[in-house]
There are 2 protein chains.
Amino acid sequence: MQIILLSGGSGKRLWPLSNDLRSKQFIQIFKTPEGSYESMIQRVYRQIQSVDPEANITIATAKNQVAAIKNQLGSSVEICVEPCRRDTLPAIALASAYLYDVLGVKEDEPVIVCPVDPFVNEDYFEALKALSNLTAQSGGSSITLLGIEPTYPSAKYGYIKPQTKDLVSKVESFKEKPSESAAQKLIEQGSLWNAGVFAFKLGYALKKAHDLVDFKEYWDLRDIYSTLPSVSFDYEVIEKESNISVMRFGGEWKDLGTWNTITEAMDEPTIGKAILDKRCKNVNVINDLTIPILCMGLKDVVVSASAQGILVSDKETSSYIKEYVDNISQEVMFAQKSWGEYRVLEVGEKSMTIRVNLHKDHQMNYHSHDNRNEVWTIIDGEGRTIIDGMEQHVHPGDVITILSGCKHTIIALSELTLIEVQLGDNISVHDKKKHTL
Amino acid sequence: MQIILLSGGSGKRLWPLSNDLRSKQFIQIFKTPEGSYESMIQRVYRQIQSVDPEANITIATAKNQVAAIKNQLGSSVEICVEPCRRDTLPAIALASAYLYDVLGVKEDEPVIVCPVDPFVNEDYFEALKALSNLTAQSGGSSITLLGIEPTYPSAKYGYIKPQTKDLVSKVESFKEKPSESAAQKLIEQGSLWNAGVFAFKLGYALKKAHDLVDFKEYWDLRDIYSTLPSVSFDYEVIEKESNISVMRFGGEWKDLGTWNTITEAMDEPTIGKAILDKRCKNVNVINDLTIPILCMGLKDVVVSASAQGILVSDKETSSYIKEYVDNISQEVMFAQKSWGEYRVLEVGEKSMTIRVNLHKDHQMNYHSHDNRNEVWTIIDGEGRTIIDGMEQHVHPGDVITILSGCKHTIIALSELTLIEVQLGDNISVHDKKKHTL
């Protein structure tokens, strides 16, 4: 099957494990079959490949997520990069053009569009496969949605009312985020939750793209992407389409958008260094720091800690986090890059100390800074530095001093860790010039 | 007045702000009149000096507290150092010999012995002055205690039963840690809490010291100190003394031994970077880390964080902390030294990164390590390094590499901060040899 995973979103609701650079789908808190931890995007990617080893997965995302995606899914993952953030219609238009012009997908091939972060089992992706097969048939609807059988009258989802109770039915109407009492009524009438999943033949989406804006092919659509209006595929396409069906899905489906729901999906009460005393009830700890968290006598509480900060919240109250996080103005304290990751250890008045991990055979961009010097101390692994063109083999204990203006990079010959001390009056992530080697 | 402050104790009950090197009396969480924060020992020291500017204060403590005391009270503070930990009788014996032989205090001078950490107002020290004056008179009791008028039937204090309700009365009997119901009865009978404060003429304590062990003067008592039995002044002297009085004190007195009681004494709900949402009730945060703590929807909770770890506890439950902290085996992650302080930023497999602050005109010992190299990067301030006898003036950005075996120190010419990366297979605080310059 051809599947486009939409990877969007910011990281406010799952602070401090998410931040401006790490959206919720990259937080590694789900136990894998092998016992390590994976993120939502890793889990979904693994599940699709397990259900359909032949699946062609394309991830539609913004530039600032590319490094994290490559870090978590490997560098060979197919990514359609949005030059800037727009809403879902431009994103799907661009991804469709990418499939057609870059990947050579035919106009009559079925395509599934799916968010990157549903918390589901493999039966969900079996359903997507069925949806794809259904869409491949001729004479069907222009677009078919996946409708989740609701488990409670939620006021935060969209509802789809099918005409019949069949597995696949024409859509009668839509209702976006009703009140709880209206939701109750909709459920009694047989409505389904809108999971944000839709299937169409590629040609259909291409036509909608051409209706939106005049372009020839993927590359010129990408060039004019910033001029596109921020409009949603749901409002502009789905709700205006008369030839539309919904396929119902009765299996497990969770939208893990808050700490409260995340903790419900955890296999064990704690991740990372944590101690719960015997008086704790319904307490979860997710600790990304290296120091221990001791919880005593708490009830219905989630504790979550990273280099970004520490959240201690009553579980239900945790869904109100956004307004508070909006007011915490903060540097990004950790990030995953395509070559590895870094974590801020210490922020001084005119200095910053960070720990940098590079994966074997990966390297940073060759770059320089205008306003800071850097001191690297290799603490683990082997590598090669290139400093203003001069190469050097480096080992633990080696110290490399990089003055401002000096071009530099490091290539990891094994997993490599270094401590970087940045020194300067105006230390900023934006003070970076890329150079070619 | 002559006053001996007993500074003992470990740091388990106020983890993570206390640790093996920082006992509770050094935690800086009390607002000073000037708006900064002071520790219990700083508060008591300041209060005594304010009530009696002529007071001679001697702090009796163990070796491992000397650096923290000098850091917090200044290097001119009078300290009587116990060569090893014994109970209060040996400690008071040694301190008395110190007063007599080192400070030249006369045998008929009154001496007050007081714990270093009562949370009280200045009226308490006025009472101690009165106690001193009373003791100076001839014909009084051999020893006079301070008795606190109880506010509730506590099972964790000792009780002193006076013969009369006068300000000063002969003691009728003692009762150590009664049950709550027994405590209630004792209070009804007019008993007072034992605050661990006693006054005597110096000669009295010297006689008790000579009864305990054969010695000539302070220096040889110190030399045989490790051979002394661990016995308490309360059991061995006070409870056996017939000529004993108690002076009652009705002012405020708090024993801040748990997070629950500490938070009651805080002027503001939070110290350090903390945000409480509007749903929080009776929540205190003490945050010694540089990252923010966000609390949402909590009730009766204390959150306390340092480089050592993070505690999140129901306030009442927090008094059971010790058994859990006993099981956290951990390096000391921060410490105050006579020259400044350090904090561990990162522990690697074969490395450790720490931030070191030196106060102006202070310096480390001249020392070397057998099993590790160190890399210093100066990030703030000016100093002089001496490396194997070679002097160098250092500024921010300077990097100093110190190989194992190499003797080194740094003298701060201003407040100075450096990042130290330690590298080696067996990094340990015990790997340190001192040298003379």
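The numbers attached to residues start from 1 for each chain and follow its sequence in the written order. Starting at A for chains and at 1 for ligands, labels are handed out in the order in which the entities are written. Residues qualify for local features only when their pLDDT is at least 70, as the model is predicted, and side-chain atom pairs are given and counted only at 80 or more; totals for whole chains, interfaces and linings, by contrast, use all residues. Water and hydrogen atoms play no part in the side-chain values, which are based on all heavy atoms of the structure.

### As for a nonpolar patch on the surface
Nonpolar side chains collect at one region of the surface, where Val102, Leu103 and Trp219 of chain A lie side by side and expose about 230 Å² of accessible area between them. Between buried and exposed lies partly exposed: a residue is buried under 20% and exposed over 50% of the maximum accessible area for its type, with that area taken using a 1.4 Å probe on protein chains only. On the basis of relative accessible area, tryptophan 219 of chain A is assigned to the partly exposed category, the value being 38%. Distance thresholds for patches are 9 Å for like charges and 5 Å for nonpolar side chains (Val, Leu, Ile, Met, Phe, Trp, Tyr), applied to residues having over 30% relative accessible area and no salt bridge. Values of accessible area rely on a 1.4 Å probe in the Shrake-Rupley scheme; residue burial ignores everything except the protein chains shown. In what follows, salt bridge is the name for a side-chain nitrogen of Lys or Arg lying within 4 Å of a carboxyl oxygen of Asp or Glu.

### Quick look at helix H6 (residues 202-212) of chain B
Here a strand is any run of E in DSSP of at least two residues, a helix any run of H or I of at least four, and the numbering for each starts at the N terminus. For H6 of chain B, every residue scored as buried is listed here: Leu202, Gly203, Tyr204, Ala205, Leu206 and Ala209 of chain B. Looking at the packing, one finds that the buried side of H6 of chain B touches helix H3 (88-102), strand S6 (110-115), strand S8 (143-148) and strand S11 (192-201) of chain B. In what follows, a contact means two residues having at least one pair of non-hydrogen atoms within 4.5 Å.

### Observations regarding the sheet that holds strand S22 (residues 351-358) of chain A
Residue and element names in this part refer to chain A. At least two DSSP bridges between two strands are needed for those strands to be called paired. Read from one edge to the other, the open sheet built from six strands follows the order S20-S21-S22-S29-S24-S27, with strand pairing classed as antiparallel. Single-partner strands in this sheet number two, and they are strand S20 (334-337) and strand S27 (399-402). Neighbour-to-neighbour, the strand axes of the sheet open up by a mean angle of 20°, direction not taken into account. Bridge count for strand S21 (residues 340-347) against S22 is seven bridges, and the pairing is antiparallel. Directly across from valine 344, in S22, lies its bridge partner isoleucine 354. Here an angle of 0 to 180 degrees is reported between the N-to-C directions of two axes, which are lines fitted to C-alpha atoms, with helices fitted over the stretch in contact. Of the strands in this sheet, S20 and S21 are in contact with helix H2 (residues 66-73), which crosses S20 at around 70°.

### A short note on the packing of helix H1 (residues 40-51) of chain B against helix H4 (residues 122-136) of chain B
All names here are of chain B. Closest axis-to-axis distance for the H1/H4 pair is 9 Å, and the angle between their directions is 60°. One way to sum up the angle between H1 and H4 is to call them oblique. The chirality of how H1 crosses H4 is right-handed. Contacts between H1 and H4 pair Val44, Arg46, Gln47, Ile48, Ser50 and Val51 from the former with Glu122, Phe125, Glu126 and Lys129 from the latter. Ten residue types, Ala, Val, Leu, Ile, Met, Phe, Trp, Tyr, Cys and Pro, are classed as nonpolar, four, Asp, Glu, Lys and Arg, as charged, and the remainder, Gly among them, as polar. For the contact of H1 with H4, the residue count by class is four nonpolar, two polar and four charged. Each angle gets one of four labels, with under 35 degrees taken as roughly parallel, over 145 as roughly antiparallel, 65 to 115 as roughly perpendicular, and the rest as oblique. The hand of a helix crossing depends on one turn: near helix anticlockwise from the far one by less than a right angle means left-handed, and clockwise means right-handed.

### Some details on the state of the cysteines
Residue and element names in this part refer to chain B. Disulfide assignment relies on a single distance test, namely cysteine sulfur atoms paired within 2.5 Å. If you walk through the whole model with that rule in mind, you get zero disulfides over all chains. Left unpaired, cysteine 114 is separated from the closest cysteine sulfur, that of cysteine 80, by 16 Å. Cysteine 114 gets classed as buried once you look at its relative accessible area, which sits at 0%.

### Quick look at the side chain of asparagine 357 of chain A
Mapped onto the secondary structure, asparagine 357 of chain A falls in strand S22. Ignoring any residue separated from it by four or fewer positions in sequence, one finds asparagine 357 of chain A in contact with Trp339, Gly340, Glu341, Leu416 and Thr417 of chain A.

### Quick look at the relation of the copies chain B and chain A
Here the copies were fitted onto each other by least squares, based on C-alpha atoms from residues at pLDDT of at least 70 in both. Each copy of the sequence occupies a distinct position, and chain B is placed on chain A by a rotation of 180° and an axial shift of 0.0 Å, giving an RMSD of 0.0 Å. Overall, the copies show the geometry of a two-fold rotation axis. Distance from the rotation axis, computed per C-alpha, reaches its smallest value in chain B at leucine 345 of chain B: 2.9 Å. Comparing interface residues between copies, 100% of those in chain B also sit at the interface in chain A, which points to an isologous, same-surface contact.

### Quick look at the pairing of strand S12 (residues 244-249) of chain A
Residue and element names in this part refer to chain A. Of all the six residues making up S12, six are buried; the element is thus mostly covered by neighbouring parts of the structure. Where strand S10 (residues 168-176) meets S12, three bridges bridge the pair, whose relative direction is antiparallel. Residue pairing in the sheet places valine 168 in a bridge with methionine 247 of S12.

### Considerations on the confidence of the model for chain A
pLDDT is a residue-level measure of predictor confidence that goes from 0 to 100. Per-residue pLDDT for chain A averages 94, and the proportion of residues at 70 or more is 100%. For this predicted complex, the interface score ipTM comes out at 0.90, while the overall pTM is 0.90.

### Describing unusual backbone geometry
Residues and elements named next belong to chain A. Looking along the chain, the bond that leaves tryptophan 15 and enters proline 16 is cis, with omega of 5°. Inspection of the secondary structure puts proline 16 in the loop between strand S1 (2-7) and strand S2 (30-31). Even without being glycine, asparagine 282 reaches a positive phi, approximately 55°.

### Structural notes on the interface of chain B and chain A
Between chain B and chain A, the residue contacts involve 51 residues of the former and 51 residues of the latter. Taken together, the links from chain B to chain A amount to two salt bridges. When the shortest N-O distance is used, the salt bridge between glutamate 346 of chain A and arginine 355 of chain B registers 3.2 Å. Ranked by residues supplied to the side of chain B that touches chain A, first place goes to strand S19 (residues 309-314) of chain B with six residues. Residues of the side of chain B that touches chain A, tallied by class, amount to 32 nonpolar, 13 polar and six charged. Where strand S19 (residues 309-314) of chain A meets strand S17 (residues 293-296) of chain B, four bridges bridge the pair, whose relative direction is parallel. Residue serine 313 of chain A lies in a different strand from S17 of chain B, and its bridge partner there is methionine 296 of chain B.

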